[in-house]
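In case you want the letters, here they are:
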Amino acid sequence: MIKAYHLPIKKILLLLGVIIILTQVSRSQSVYAPYSYEFYQKFNADVYSVNSSFHTSLKPYLIDSIIAPKYNAITSIGVDSSRKNYFLRKIFNEHVFDERTSEYTFYADYIADLQIGRDFANNTTTYLNTRGYQLGGTIGDKFSFYTSGYEDQARFANYYQAVVQKTGFIPGEAYNREYQSTTEDDWSYVTAVLSYAPIKQLNITLGQDKTFIGDGYRSLLLSDFAATYPLLRVTANLGKVQYMMMWTNMEDINVPKYDTYGNNRRKWAAFHYVDWNVTNRFSLGYFNAMIAAEADDNGNSHGFDANYVNPLVFAAALGPKTPYPDNILTGFTGKYKIFNKTAIYAQLLLDRLNQSLAPKNTGGYQIGIRGADLFNITNFNYLFEFNTVKPYTYSSPQVITNYTDYSEPLGDPLGSNFKEAIAILDYSIGRFSFQGQINYASFGLDPNTSVNYGQNIMLAFDPGTVEGSTTGQGLPTHLYYGEGTIAYLINPKYNLRFELGGLYRKQENSQGTQNTKLVTFGVRASFRQLYHDF
């Protein structure tokens with residue numbers, strides 16, 4: 001039996017209760033803004049201004065005085081304060097429940113995400129049926145909280161369903177309760193965070209959530225493609241320097257289980273990230289991550305190492321090497337605002353720096369440009385990006401310590417052994433928004449199960465296969481992807497909207513071609529990110 005990974009409702013309520021009690025003895029406020037690319041790109045004009053010193057690469061953002069005006073403007077689009085009817089206000093203007101006093105704030109919303117679609121290439125009907133909630137608020141000027149939960153049933157396009165069948169997991173969401181079904185899926189998704197800012201320069205976040213590092217659409221270092229995970233995240237803002245430490249507990253649903261109850265295998269992860277704003281235009285960052293198995297394949301406990309809780313940013317590289325070394329990754333980020341509201345950005349990923357293998361054989365890089373008000377058109381945002389990762393990057397001799405959570409990549413959804421180009425344009429005017437996206441990727445698949453060419457990071461890493469490997473080795477495969485959406489915003493408080501979408505996907509190699517031509521329409525809500533471009 002697969003064990004649910006999300007926090008039970010009782011635990012969420014208990015955590016919220018603890019916060020309420022603590023605030024009786026303590027009175028810099030930090031408001032949580034759930035991350036999705038579509039929502040966050042609306043901040044481009046402000047955070048990529050040459051006059052802004054905002055740290056852009058660590059997400060989710062905690063809304064502060066720099067971006068609070070923009071956040072308030074985004075969540076007030078189309079609001080008509082002249083409406084007096086209670087039901088019309090709740091439909092178009094307000095949270096379903098909203099209470100604001102000098103001591104606390106609280107809001108709550110019912111969320112429905114309903115979508116129907118038709119894949120004309122495969123003559124199949126798709127749907128998404130989601131019922132959920134979001135609630136959040138602040139207590140005093142030091143505490144904030146946010147939680148969201150979704151109960152989902154869906155039928156996806158064939159290519160998407162093939163991924164679900166392979167991993168038993170809805171990408172970026174949760175395990176599939178209908179894992180024996182080949183056409184329909186059923187899952188739950190929950191986030192919950194408690195945020196405490198004892199002083200303006202320090203934030204402590206505890207909960208079940210994701211973290212994204214970088215300025216791009218993808219992140220090679222730490223992305224939001226995998227599932228949520230229990231985390232403790234400490235962020236310090238020391239003028240030009242932002243320093244993040246995070247400790248998490250992750251699981252794997254596909255590696256062999258060693259206990260009699262069939263519980264998922266667990267692993268611990270520690271992350272450090274430093275972002276330095278050299279100037280308002282130029283910033284540099286350093287990242288490291290360490291993945292350690294709770295126990296080996298025979299159930300022998302890994303044991304505690306002080307470096308797991310060491311706050312020093314280079315501590316992860318000091319982890320134990322034998323008999324089962326931890327999986328260590330190192331990376332760098334950079335950003336330069338070449339014009340007002342326009343920035344070029346990059347990431348460099350290095351793998352196995354603490355092992356005898358030459359680092360040139362594994363790793364990857366990202367380079368891109370993004371900005372706002374393209375051609376001087378207000379709210380016309382854009383991004384162009386290139387990513388590549390060498391074969392066998394992220395993987396480990398023990399599958400349990402691969403750079404994954406619930407068998408989903410913590411980096412790019414394509415895994416490794418790929419090259420990828422992405423272009424995204426987004427324009428908003430009033431309640432209407434238009435977004436178009438084009439992806440092209442080339443990668444090398446395994447032509448059969450007996451050979452590992454380095455694309456599937458859920459396979460064990462064999463050190464003897466790295467030397468001489470090249471990106472794209474294996475079965476050469478090409479992926480063409482295009483997606484466009486037109487949305488009409490109904491209520492900005494919980495992103496309720498009508499949405500019409502079209503998706504084209506083609507994957508081809510010498511073994512065959514897969515085509516998808518999907519049109520969808522729905523009444524949608526929430527700020528969660530549902531990826532389809534893989």
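To keep things clear, this report deals only with the structure shown in the data block.

Rules used in this analysis
- Residues numbered from 1 in each chain as written.
- Predicted model: local features only at pLDDT ≥ 70, side-chain atom pairs only at ≥ 80, totals over all residues.
- Heavy atoms only, no water.
- Patch = residues over 30% accessible without salt bridge, like charges linked within 9 Å, V, L, I, M, F, W, Y side chains within 5 Å.
- Areas by Shrake-Rupley, 256 points an atom, 1.4 Å probe, with all protein chains shown as cover.
- Salt bridge = Lys/Arg side-chain N within 4 Å of Asp/Glu carboxyl O.
- Helix = DSSP H or I, 4+ residues; strand = E, 2+ residues; numbered from the N terminus.
- Buried < 20%, exposed > 50% of the residue type's maximum accessible area, 1.4 Å probe, protein only.
- Contact = heavy atoms within 4.5 Å.
- Pairing = 2+ DSSP bridges.
- Polar contact = N/O pair within 3.5 Å; in protein donor to acceptor, adjacent residues only side chain to side chain.

**Quick notes on a nonpolar patch on the surface**
Then, number 1: Residues I116, F120, I429, F432, F434, I486, Y488, F498, L500, V519, F521 and V523 make up a contiguous nonpolar surface patch of roughly 1,000 Å² in combined accessible area.
Then, number 2: If you list the elements that add at least two residues to the nonpolar patch, you get strand 22 (432-445), strand 23 (475-491), strand 24 (496-509) and strand 25 (512-524).
Then, number 3: Assignment of secondary structure puts F434 in strand 22.

**Description of helix 6 (residues 158-167)**
Then, number 1: Along helix 6, the positions that sit buried rather than exposed are Y159, Y160, Q161, V164 and T167.
Then, number 2: Buried residues along helix 6 sit against strand 8 (185-199), strand 20 (408-409), strand 23, strand 24 and strand 25.
Then, number 3: Backbone geometry just downstream of helix 6 places G168 in the positive-phi region, at approximately 75°.

**Thoughts on the side chain of H95**
Then, number 1: Along the chain, the position of H95 falls in the loop between helix 5 (86-92) and strand 4 (97-100).
Then, number 2: With residues up to four places along the chain from it excluded, the contact list for H95 reads K90, Y107, A108, D109, Q134 and K493.

**Describing the pairing of strand 16 (residues 342-351)**
Then, number 1: Both strand 15 (residues 327-339) and strand 16 contribute to a ladder of 9 bridges, which runs antiparallel. Looking at the pairing, G334 lines up with A346 of strand 16.
Then, number 2: Hairpin remark: strand 15 followed by strand 16, antiparallel, with 2 residues in the connecting loop; positive phi at K341, about 75°.
Then, number 3: Two strands pair when backbone bridges link them, and strand 16 and strand 17 (residues 363-371) are joined in this way by 9 bridges, in the antiparallel orientation. Bridge pairing in strand 17 links I344 to I369.

**Concerning the environment of Q201**
Then, number 1: Examined against the element boundaries, Q201 turns out to sit in the loop between strand 8 and strand 9 (202-209).
Then, number 2: Sequence-wise, Q201 and G239 are 38 residues apart; in three dimensions their C-alpha atoms are separated by 8.4 Å.
Then, number 3: Residues within four places of Q201 in sequence aside, it is in contact with T235, A236 and N237.

**Considerations on the pattern of salt bridges**
Then, number 1: Inspection of the entire model under this criterion finds 17 salt bridges.
Then, number 2: A salt bridge links R100 to D98; its shortest N-O distance comes to 3.4 Å.
Then, number 3: Each of D113, R497, E499 and R524 takes part in a single network of salt bridges with overlapping partners.

**Topic: unusual backbone geometry**
Then, number 1: Residue P60 is reached from K59 by a cis peptide bond, and omega for that bond is 10°.
Then, number 2: The residue P60 is located in the loop between strand 2 (58-59) and strand 3 (62-63) in this model.
Then, number 3: Phi is positive for N123, close to 55°, though the residue is something other than glycine.
Then, number 4: You can see N123 is positioned in the loop between strand 5 (104-119) and strand 6 (124-139).
Then, number 5: With phi around 55°, F375 is a residue other than glycine that occupies positive phi space.
Then, number 6: Mapping F375 onto the fold places it in the loop between strand 17 and strand 18 (380-389).
Then, number 7: We classify F375 as exposed; its relative accessible area is 67%.

**Examining the environment of E151**
Then, number 1: Here E151 shows up in strand 7 (residues 143-155).
Then, number 2: A sequence separation of 18 residues divides E151 from Y133, and the C-alpha atoms of the two residues are 9.4 Å apart.
Then, number 3: Not counting residues up to four positions away in its chain, the partners in contact with E151 are N129, T130, R131, R177, D186, W187 and S188.
Then, number 4: A polar contact of 2.3 Å, which involves the side chain of E151, links it to the side chain of R177.

**Topic: the side chain of E420**
Then, number 1: Among the structural elements, E420 can be located in strand 21 (residues 418-429).
Then, number 2: A polar contact of 2.8 Å, which involves the side chain of E420, links it to the side chain of R218.
Then, number 3: For E420, the residues in contact, after removing those within four places along its chain, are R218, E385, F386, N387, D412, L414, N439, Y440 and A441.

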